[in-house]
Amino acid sequence: MLDYHIHKLANGIRIVHKQVLHTKIAHSGFILDIGSRDELPEQLGLAHFWEHMAFKGTAKRKSFHILNRLETVGGELNAYTTKEKLCLYSSVLDKHFEKSFELLTDITFHSIFPEKEIEKERGVILEEMAMYLDTPEEAIVDEFDNVVYKNHPLGNNILGTKESVSGFRKQDFLNFIDRNLSTDTLVFCSVSNLPFKKVVQLAEKYLSEIPVISKQRKRVPFSGYTPHTVTIEKPISQAHCVLGGPAYALNDERRIPFFLLVNLLGGPGMNSRLNLAVREKHGLVYTIDANYATYIDTGLLSIYFGTEKKQLNRTTSLVLKELKKLREKPLGSLQLHTAKEQLMGQLAMAEESNIGLMMMMGKSILDQEKVDTLNEIFDQIKVITASNLQDIANDTLREEQLSFLNYVPV
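These remarks concern the structure in this document. Each chain has its residues counted from 1, running along the sequence as written. Local features in this predicted model are restricted to residues whose pLDDT is 70 or higher, and side-chain atom pairs enter the listing and the counts only when it is 80 or higher, whereas totals over whole chains, interfaces and linings include all residues. Note that the side-chain values use all heavy atoms of the structure and ignore hydrogens as well as water.

Focus: the overall build of the chain
In terms of helices and strands, the chain carries 15 helices and 11 strands. Only C-alpha atoms enter the radius of gyration, while the globule expectation follows 2.2 Å times N to the 0.38, with N the number of residues. The C-alpha atoms of the chain give 22 Å as radius of gyration, which agrees with the globular expectation for 410 residues (22 Å, within 12%). In terms of principal-axis extent, the alpha carbons of the chain reach across some 60 × 50 × 40 Å. A total of 410 residues make up the chain; the buried ones form 55% of that total. By the convention used here, residues are in contact when the closest approach between their heavy atoms is within 4.5 Å. For the chain, contacts bridging at least 24 residues in sequence account for 82% of all contacts bridging at least 6. Working note: accessible area of the chain is about 18,900 Å², and carbon and sulfur atoms make up 52% of it. The convention is simple: Lys and Arg are positive, Asp and Glu are negative, and His and the chain ends are not counted. Taken as the charge location is NZ of Lys, CZ of Arg, CG of Asp or CD of Glu. A gap of 1 Å separates the mean positions of the 48 positive and 52 negative side-chain charges of the chain. Each helix is a run of DSSP H or I of at least 4 residues and each strand a run of E of at least 2, with the numbering of both proceeding from the N terminus. Partly exposed residues are those whose accessible area sits between 20% and 50% of the maximum for their type, while under 20% is buried and over 50% is exposed, using a 1.4 Å probe and protein chains only. Residue-level accessible areas treat just the shown protein chains as cover; the underlying method is Shrake-Rupley with a 1.4 Å probe.

What about the nonpolar core?
The nonpolar core is taken to be a set of buried Ala, Val, Leu, Ile, Met, Phe, Trp, Tyr and Cys residues, with the residues joined through side-chain atoms within 4.5 Å. Within the largest apolar cluster, 62 residues are counted, with the highest numbers of intra-cluster contacts made by Phe 30, Trp 50, Ile 107, Phe 173 and Leu 207. Counting residues per element, this core draws most heavily on helix H3 (residues 97-109), at 6 residues. Here Ile 107 is in contact with Ala 54, Phe 55, Thr 58, Ile 66, Leu 77 and Leu 88, once residues within four sequence places are set aside. Counting 47 residues, the second largest nonpolar core, distinct from the first, contains Ala 239, Leu 265, Leu 301 and Phe 404.

Observations regarding helix H2 (residues 63-71)
Of all the positions in H2, only Ser 63, Ile 66 and Leu 70 are classed as buried. Buried residues of H2 fall within an arc of 70° about the axis and therefore sit on the same side. Among the exposed residues of H2, those oriented more than 90 degrees off its buried face are Phe 64 and Glu 71. Considering only its buried residues, H2 is in contact with strand E4 (76-81), strand E5 (86-93), H3 and helix H4 (115-133). In this description, the arc belongs to the directions extending from the helix axis to the C-beta atoms.

Some thoughts on the packing of helix H11 (residues 312-328) against helix H15 (residues 386-396)
To characterise two packed helices, one gives the angle between the axes of the helices and the distance between these axes. Helix axes use the C-alpha atoms of the stretch in contact, all axes being lines fitted to C-alpha atoms, and the angles between their N-to-C directions lie in the range 0 to 180 degrees. Where H11 meets H15, the closest approach of the two axes is 7 Å, and the angle between their N-to-C directions is 130°. Judged by the inter-axis angle, H11 sits oblique to H15. Crossing handedness for the pair H11 and H15: left-handed. Mapping the contact onto sequence places Leu 326, Arg 327 and Glu 328 in H11 and Gln 390, Ala 393 and Asn 394 in H15. Roughly parallel means an angle under 35 degrees; roughly antiparallel means over 145; roughly perpendicular covers 65 to 115; every other angle is labelled oblique. Crossing chirality is assigned from the near helix's rotation relative to the far helix, an anticlockwise turn below a right angle marking it left-handed and a clockwise turn marking it right-handed.

Here we look at the sheet that holds strand E7 (residues 229-234)
Spatially, the 5 strands line up as an open sheet ordered E7-E11-E8-E10-E9, and their pairing is mixed. The open sheet has two edge strands, E7 and strand E9 (288-294), and neither has a second partner. Averaged over all adjacent pairs, the angle separating strand axes in this sheet is 15°, with direction ignored. Two strands pair when backbone bridges link them, and E9 and strand E10 (residues 299-307) are joined in this way by 7 bridges, in the antiparallel orientation. Counterpart to Asp 289 in the pairing with E10 is Tyr 304. Here helix H9 (residues 255-266) sits on the sheet and contacts strand E8 (239-247), E9 and E10; the angle it forms with E9, its principal contact strand, is near 165°. When DSSP locates at least two bridges between a pair of strands, those strands are taken to pair.

Here we look at the packing of aromatic side chains
Here is the rule: rings of Phe, Tyr and Trp (six-membered ring for Trp) pair when centre to centre is within 6.5 Å. Planes less than 30 degrees apart are stacked, more than 60 are edge-to-face, and the remainder are tilted. Under the counting rule described, the total for this entry stands at 16 aromatic pairs. Seen from their ring centres, Phe 258 and Tyr 292 are 4.7 Å apart, and the 85° between their planes marks the pair as edge-to-face. Separated by 34 residues along the polypeptide, Phe 258 in helix H9 and Tyr 292 in strand E9 bring together distant segments of the chain. The residues Phe 258 and Tyr 292 share a single accessibility class, namely buried. Taken together, the ring pairs in this structure connect Phe 30, Phe 97, Phe 101, Phe 109, Phe 188 and Tyr 206 into an aromatic cluster. One residue, Lys 234, lies across the ring of Tyr 407, its end atom 4.7 Å from the ring centre. Remark: a charge is flagged as sitting over a ring if the NZ atom of Lys or the CZ atom of Arg is within 6 Å of the ring centre and within 35 degrees of the ring normal.

A short note on the sheet that holds strand E1 (residues 4-8)
One key point about sheets: their strands pair by backbone hydrogen bonds, in either a parallel or an antiparallel sense. Reading across from one edge, E1-E2-E6-E3-E5-E4 is the order of the 6 strands in this open sheet, with mixed pairing throughout. Edge strands, defined here as strands with exactly one partner in the open sheet, are E1 and E4. Adjacent strand axes in the sheet meet at a mean angle of 15° when their direction is disregarded. Running at roughly 15° to strand E3 (residues 25-32), H3 makes contact with E3, E4, E5 and strand E6 (186-192) of the sheet.

What follows is the structure, encoded as structure tokens:
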């Protein structure tokens, strides 16, 4: 059972900590409720660029000193950006926890965005963009966001565009942070063997100097979805397809049942319905999976596969056939029991990762003001009925409401 503690500083920053006695590694980080959906039209890619620039210099450290600070003691410093979150985090031996806490605080709140470093990192990000575009199985999944969330910030690529990234200057970062950063919408989260009291002491030491920052930023809600089918020719050897559409938001009571349905359909298990029907039975794909992403006001179902160009229509038909089965035929009692057991086992194994647990806690506090225990999630899974799943399938998996994005070889 998840046993976590929360402390709120006078400036609004929350500390969430779980003590795990059997580990020597301390995982910690700042999770900010800021992501690519918070960018203005002229700021595309700026949140991700900020993630890169956090390592490039602060008021008291140059880039080399930031990178060297934890690596010389065998630690790791990293970051990531999503549509709604930016995370800066580290993993170190427990005895170096204070060192990592101080460094994370420095790069989160005191970055100075040197123009010379911006110019260098611009080239790095453009190379990252080129590498991503050379990987169609990754590029198509991100481009599908724009098919579903067309003309909405959720549809924008996290990396931005070549044009937008080429134009950013120091003031752009400062303006973005000034518009979006609030101390009550960021969390410091940690998982280690340290007692909560020690973590709070360090938080008071390093974070009390941060003034109260309060911004009334409002995110543009998504609405007005229209299904689209888009086919793009590319110099590739395999056809790639993503199909799907909008789904339930993060706090919708149907989220857990839908997650179960998506896991049954195309989760990581080799026994998923799509894998059995398309790969094992017909040998048409190497990879096929279904994913469900949740946001504060909407969600996204996406089903991906790659196949021979001549097999694209046949493979798509097989996928649609599996969706139709879920709409028309309720699961039997054994099928439902097996699906629940599989999902609960996967969730339990995911919690074995302390670094993943640390990030999940911070995100949950920001999005839901609490962290659900495994037992609480299991209780929600256990009460799901076959009728629940069939109703949800009919609500989300109708062919006429799905969008399609195809990459086909020239």
